[in-house]
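# Residue-level structural notes
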Amino acid sequence: MSRYQAMSKDELSQELTALRQAYHEKKALGLSLDMSRGKPSAEQLDLSMGMLDVLKSTDSLVTKSGIDARNYGQLEGLPEARQLFAELMGIEPDEVFICGNSSLNMMYDTVSRGMVFGFPGGTKPWGKQQKLKFLCPAPGYDRHFAICEVFGIQMITIPMTPEGPDMNLVESWVNNDDTVKGIWCVPQYSNPEGITYSDETVRRFANLKPAAGDFRIFWDNAYCVHHLTDQPAHLLNLMDECKKVGSEDMVIMFSSTSKISFSGAGVAAIGCSRTNMAALERVIAMQVISFDKMNQLRHVRFFKNLDGIKAHMEKHRALLKPRFDMVTTTLWNELGDLEIANWTNPKGGYFISLDTMDGCATRVVSLCREAGVKLTDAGATFPYGKDPRDRNIRIAPSYPTLDELQKATDILCLCVKLATVEKLLEE
Ligand SMILES: Cc1ncc(COP(=O)(O)O)c(C=O)c1O
């Protein structure tokens, strides 16, 4: 039982008065702080500024493989860029398709292609089928869910466990229901809980026996090199596991340098089997003559190889780790004894996930907003924006300065206390 739950109504009322007083004082400061979106800070972006100098007007922009990066051609990407992403994604260069600047864009396009043209293994395009479902491990990434919503795909919530999505449920849906066409996965340092799928979970994914031939796993490994400790989480390679059992057509991987180099001006890639690649090429060839190979070349010349990316990510870690520590330490100091909330202490990724007492998250987010602290909307981490227990809040510590973050986290803790006491008094 939490300390608040052990209080009498009178004691709670007194606590409420004190908390309201403290809240009004904070509100009077007129702050404007944002902990809502996982954006890198300006200092993080500065780390990649050297990339703007690696291509000079006097340099040859013909690559080692003999391709002029300035011209049309090489739809699937520069061989050097495919090599770099192959290392990053743990697959073969000819399984990599380098696209534009955003992996989310590629995910949207992949679903859109499924709707219009279908996938190898299917009988007709998804859009011509009666019912469509996607499995949505939750808490999860709101923009994945938004893609399903925009295409009218029914979302089935799959609870997350410390090992990844509940695989008993995943297997039972995928293996028995041919209207289940996909599942969203952020397998390493998941958004927002920072969970890395266990070996067992990855193997169970590879061994799925989908009822639908056109079922695809959307493997969004956005945080594959985004470690916050010197003991990175280990993720088994899904493509390797799939190849062992011949199920590699089932997986489509996504990656980008959005949180490695520049957000919105990085390079994104799809990783998939050669069968999927051939289908992809046929459609993309009608869409575009070639993607931005100058940006691909900039990335190749700046990072050189996976070791170059890893060394660069160490610099990100040095900037991010103190921010994460500040939030978790403040949460612990302010809320630890009260036992009215739980939060994650992630080993990587971009978020801290906070669970309040049931029924308090919406109130916490709105109290914070009124006091000048913007958080992601309560419910956003669940399909249709509805958290059935109204308790999950996603905290993004990367963007604010340390000073702003301290102020914002203090207010957040105060709002958690206030919303909890209000709730207990209501009951
Ligand atoms: C899990 C996940 N995937 C994808 C993205 C977006 O990546 P991109 O900028 O490559 O579209 C984000 C951004 O927050 C994310 O958290």
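Residues numbered from 1 in each chain as written. Predicted model: local features only at pLDDT ≥ 70, side-chain atom pairs only at ≥ 80, totals over all residues.

### Quick notes on the domain arrangement of the chain
Reports of interface size often rely on the accessible area that becomes lost once the parts have come together. The cut-off we apply is this: Residue ranges labeled as domains rest on an automatic or database domain assignment. Residues are treated as contacting if the C-beta atoms built from their backbones sit within 7 Å of each other. In DSSP terms, a helix is any run of H or I states spanning at least four residues, a strand is any run of E spanning at least two, and both are numbered starting from the N terminus. Residue polarity is assigned by list, with Asp, Glu, Lys and Arg as charged and Ala, Val, Leu, Ile, Met, Phe, Trp, Tyr, Cys and Pro as nonpolar; anything else, Gly included, falls into the polar class.
Assigned domains within the chain: domain 1 (9-44 + 310-426) and domain 2 (61-304). Put simply, the middle of domain 1 and the middle of domain 2, counted by C-alpha atoms, are 31 Å apart. Of the residues lining the interface, 24 residues belong to domain 1; the matching set on domain 2 comes to 26 residues. Of all the elements in the fold, those that place two or more residues in the side of domain 1 that touches domain 2 are α11 (306-335) and β13 (392-395). Tallying contributions element by element places α11 first for the side of domain 1 that touches domain 2, with seven residues. Of the residues contributing to the side of domain 1 that touches domain 2, the split by class is eleven nonpolar, seven polar and six charged.

### Section: the sheet that holds β13
Stated formally: Strands pair, by our definition, only if DSSP identifies at least two bridges between them. Fitting a line to C-alpha atoms yields each axis, with helices limited to the stretch in contact; the angle taken between N-to-C directions then spans 0 to 180 degrees.
The strand order across the open sheet formed by three strands is β10-β11-β13, and the pairing between neighbours is antiparallel. Looking at strand neighbours, the two that pair on one side only are β10 (342-343) and β13, the edges of this open sheet. Against the sheet, α11 touches β10, β11 (352-355) and β13, its axis set at about 15 degrees to β11.

### Considering helix α6 (residues 167-176)
For clarity, the cut-off: In this scheme every C-beta is placed from the backbone, and a residue whose C-beta has 20 or more other C-beta atoms within 10 Å is buried, one with 12 or fewer is exposed, and one in between is partly exposed. Directions drawn from the helix axis to the C-beta atoms are what define this arc.
Along α6, the residues that are buried comprise Met167, Val170, Trp173 and Val174. The buried residues of α6 occupy one face: seen down the axis, they fall within an arc of 130 degrees. Of the exposed residues in α6, those oriented more than 90 degrees away from the buried face are Asn168, Ser172 and Asn176. Structurally, α6 contributes buried residues whose contacts are with β3 (133-138), β4 (154-161), β5 (164-165), β6 (180-185) and α7 (199-206).

### Structural notes on unusual backbone geometry
Note: most peptide bonds trans; most residues except glycine with negative phi. Note the cis peptide between Ala138 and Pro139, where omega equals 5 degrees. Following Asn191, the chain continues to Pro192 via a peptide bond in cis, the omega torsion being 10 degrees. For Glu339, which is not a glycine, the phi torsion comes out positive at approximately 55 degrees.

### Some details on the nonpolar core
Taken as a class, soluble globular proteins show a tendency for nonpolar side chains to be buried jointly. Heads up, the condition is: In this usage, the nonpolar core is the set of buried Ala, Val, Leu, Ile, Met, Phe, Trp, Tyr and Cys residues whose C-beta atoms join them within 7 Å.
Core analysis: the biggest nonpolar cluster contains 119 residues, and Val251, Ile270, Val364, Cys368 and Cys415 have the highest contact counts within it. When residues of this core are assigned to their parent elements, the largest contribution, eleven residues, is made by helix α13 (residues 402-426). Two domains share this core, each providing at least three of its residues, namely domain 1 (9-44 + 310-426) and domain 2 (61-304). Those residues in contact with Cys415 that lie beyond four places of it in its chain are Val364, Leu367, Cys368 and Ala371.

### Details of the sheet that holds strand β2 (residues 96-98)
Strands belonging to one sheet form pairs held by backbone hydrogen bonds; the direction of such a pair is parallel or antiparallel. Spatially, the eight strands line up as an open sheet ordered β2-β9-β8-β7-β6-β3-β4-β5, and their pairing is mixed. What marks the edges here is a single partner per strand, and that holds for β2 and β5. Along the sheet, helix α8 (residues 238-245) makes contact with β7 (216-220), β8 (251-256) and β9 (268-272), crossing β8 at roughly 165 degrees.

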